Amino acid sequence: MKFNYSIWIASAVLLFSCKNGTDKKDLVTEVPAAKNERKLAKFEPKDGVLLFVGQELEAVGGLEAYNDGYLDHFQKPAGWTTYTNINPGEESFGRIQEGLDGLYETADWGDNDYNASLQLAAPAYENMALAIGLQFVNHEEKIADGTHDHFTYKLAEFLKSLGKRPVFLRIAYEFDGEPWNHYDKEQTLKAYKRMVDILRKEGVTNTAYVWQSTGFMSQSQEELESWYPGDAYVDWLGFSFFNRWEDQKMIAFAREKGKPVFIAEASPTISGKDAKATGNTIETQLSNPEQAEEAWQKWFVPFFKTIDDNKDVIKAVHYINCHWDSHPMWKDNSTFKNIDARLQLSDTISKRWVDKISKEPFIQSSPNLYEDLYQNK
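The model shown is predicted, which means the values in this text are computed figures rather than measured ones.

A few points about the overall build of the protein chain
In terms of helices and strands, the protein chain carries twelve helices and 13 strands. A compact globule built from 377 residues should have a C-alpha radius of gyration of about 21 Å, and the protein chain, at 19 Å, falls within 12% of that. Taken over the C-alpha atoms alone, the protein chain extends approximately 50 × 50 × 45 Å along its principal axes. Within the protein chain, the proportion of its 377 residues that are buried is 61%. For the protein chain, long-range pairs separated by at least 24 residues make up 79% of all intrachain contacts whose partners lie at least 6 apart in sequence. When the accessible surface of the protein chain is totalled, it reaches about 14,400 Å², and 49% of it is carbon and sulfur. Side-chain charges in the protein chain split into 42 positive and 57 negative, and the spacing between the mean points of these groups amounts to 5 Å.

Here you go:
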């Protein structure tokens, strides 16, 4: 999650909460109709759900200097997630961004350390797919008109350097995330398409393109359609699974489009009584047994039920194993300021988690993972 994610603004949340409520037909807990035959998307498994973890070095672990993360306590998942940007000159918690930060060297923009190259070189990350969240807030016009093409060409070289490792690129993730993203719709659509066109022209073949909503800001199928780049530019549809997961419309939209769904961001957050007006969530420290149990019942159970009820379209999920409230970016954020989602802190949560993800439908890392994804196995 989030690269340069601003503090929630209560008035903005109020604005969106005044829109239409969730229709029963759009609830994620609804049992879907019989699966329609459709062509599988790039890297979509025929059956099963790819498990990703993230999001920064501390959360994922598996490295000499970062050795208390997910990889240090659990079975290696199918992939991990990192983040980067194309917004050179922007300031984020004391760092002036250069563009494609965190891909080649260690960078901290307020959300702890990122360094994809360090992870890619480590044995612990072998046989894992990579998901990249790419944001360009305030720079969508410069990408759309070609001013920032050199960053896209550099990104193409980075992606090609990964060989056959599958990559899921989330361009302008949470495109409808107002106020923290405030993307201009017209320019963002142009920028998304321009980037995909360049990457394809440059011979990038190991990358699937993911179009990701917040999951609760777009309150209708029509709103989602207005942001949609088109079938030719989208391999997967995505949304975030936080405290307002019941408001999502992406699963129904995905069935309409015949595309798989990536729950691209997920971490245990539970709405407070005034959540729709303020964005506030209740304190959730997985090290606290009572809070961990509440998180399991009110967030983890619905999370796994959503997956189970929608196996025809949900084919990948990303759990954010983050110590949210220790990072400057989140200390005043109404959603994450009281959250510590590190699974390893709770024996009971860890045991239940392992029980769930160690069997079908979840897909973990394996020596055959890349070949299986290329062949849609």
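From this point, the narrative continues.
Comments concerning the pattern of salt bridges
Taken as a whole and judged by the stated rule, the model has 16 salt bridges. Notably, a salt bridge pairs K257 with E225, separated by 2.9 Å at the nearest N-O pair. Remark: E225 occurs in helix α7 (residues 221-227) and K257 occurs in helix α8 (residues 250-257); sequence separation between them is 32 residues. We classify E225 as partly exposed; its relative accessible area is 34%.

Structural notes on the nonpolar core
One finds L155, W211, F300, F303 and W353 to be the most contacted residues of the largest nonpolar core, which totals 94 residues. Among the elements that line this core, the one with the most residues is helix α10 (residues 289-309), at eight residues. Other than its neighbours up to four places away in sequence, F300 contacts P268, L286, A295, Y319, L343, I349 and W353.

Points about the environment of A295
Relative to the helices and strands, A295 is located in helix α10. The exposure class of A295 is buried, given its relative accessible area of 0%. Between the alpha carbons of A295 and A341 there is a distance of 9.6 Å; along the sequence they are 46 residues apart. Setting aside chain neighbours within four positions, we find A295 in contact with P268, I270, T284, L286 and F300.

A closer look at the pairing of strand β7 (residues 207-213)
Remember that side chains alternate between the two faces of the sheet whenever the strand is regular. Of all seven residues making up β7, seven are buried, and the element is well covered by its neighbours. Judged by which residues are buried, β7 turns out to be covered on both faces: T207, Y209, W211 and S213 on one side and A208, V210 and Q212 on the other are all buried. Taken together, the four bridges between strand β6 (residues 167-171) and β7 define a ladder with parallel strand orientation. In the strand pairing of β7, V167 is matched with T207. For the handedness criterion, the β-α-β arrangement of β6, helix α6 (residues 185-201) and β7 is classed as right-handed.

Here's the deal with the packing of aromatic side chains
Taken as a whole and judged by the stated rule, the model has 37 aromatic pairs. Cluster of aromatic residues (ring-pair linked, three or more members): F241, W245, W296, W299, F300, F303, F304, Y319, W353 and F362. The aromatic ring of F43 is capped on one face by K42, whose charged end is 5.0 Å from the ring centroid.

Details of unusual backbone geometry
Cis rather than trans, the peptide bond between G54 and Q55 has omega equal to 20 degrees. Examined against the element boundaries, Q55 turns out to sit in the loop between β1 (49-54) and α2 (57-60). In this chain, E178 is followed by P179 through a cis amide linkage whose omega measures 15 degrees. Inspection of the secondary structure assignment puts P179 in the loop between β6 and α6. Phi is positive for L100, which is not a glycine, with a value near 60 degrees.

Regarding the environment of D108
Relative to the helices and strands, D108 is located in the loop between β4 (95-96) and α3 (116-120). Between the C-alpha atoms of D108 and W236, which are 128 residues apart in sequence, the distance is 28 Å. When residues no more than four places from it in sequence are discounted, the contact partners of D108 are R95 and D113. For D108, the side chain forms a polar contact with the main-chain nitrogen of D111, separated by 3.2 Å.

Some details on the packing of helix α5 (residues 149-160) against α6
With their axes 9 Å apart at the nearest point, α5 and α6 run at an angle of 45 degrees to one another. In terms of orientation, α5 and α6 fall into the oblique class. α5 and α6 meet at a crossing whose hand is right-handed. Where α5 abuts α6, its residues D149, T152, Y153, L155, A156 and L159 lie against R194, M195, I198, L199 and K201. Residues of the contact of α5 with α6, tallied by class, amount to seven nonpolar, one polar and three charged.

Basis of the calculations
Residues numbered from 1 in each chain as written. Predicted model: local features only at pLDDT ≥ 70, side-chain atom pairs only at ≥ 80, totals over all residues. Heavy atoms only, no water. Helix = DSSP H or I, 4+ residues; strand = E, 2+ residues; numbered from the N terminus. Rg over C-alpha atoms; globule rule 2.2 N^0.38 Å. Buried < 20%, exposed > 50% of the residue type's maximum accessible area, 1.4 Å probe, protein only. Contact = heavy atoms within 4.5 Å. Areas by Shrake-Rupley, 256 points an atom, 1.4 Å probe, with all protein chains shown as cover. Lys, Arg positive; Asp, Glu negative; His and termini not counted. Charge placed at Lys NZ, Arg CZ, Asp CG, Glu CD. Salt bridge = Lys/Arg side-chain N within 4 Å of Asp/Glu carboxyl O. Core = buried A, V, L, I, M, F, W, Y, C linked by side-chain atoms within 4.5 Å. Pairing = 2+ DSSP bridges. Right-handed = clockwise from strand over helix to strand, strands pointing away. Phe/Tyr/Trp six-rings, centres within 6.5 Å; stacked < 30°, edge-to-face > 60°. Lys NZ or Arg CZ within 6 Å of the ring centre and 35° of its normal. Polar contact = N/O pair within 3.5 Å; in protein donor to acceptor, adjacent residues only side chain to side chain. Axes fitted to C-alpha atoms, helices over the stretch in contact; angles between N-to-C directions. Parallel < 35°, antiparallel > 145°, perpendicular 65-115°, else oblique. Left-handed = near helix turned anticlockwise from the far one by under 90°. Nonpolar A, V, L, I, M, F, W, Y, C, P; charged D, E, K, R; others polar.

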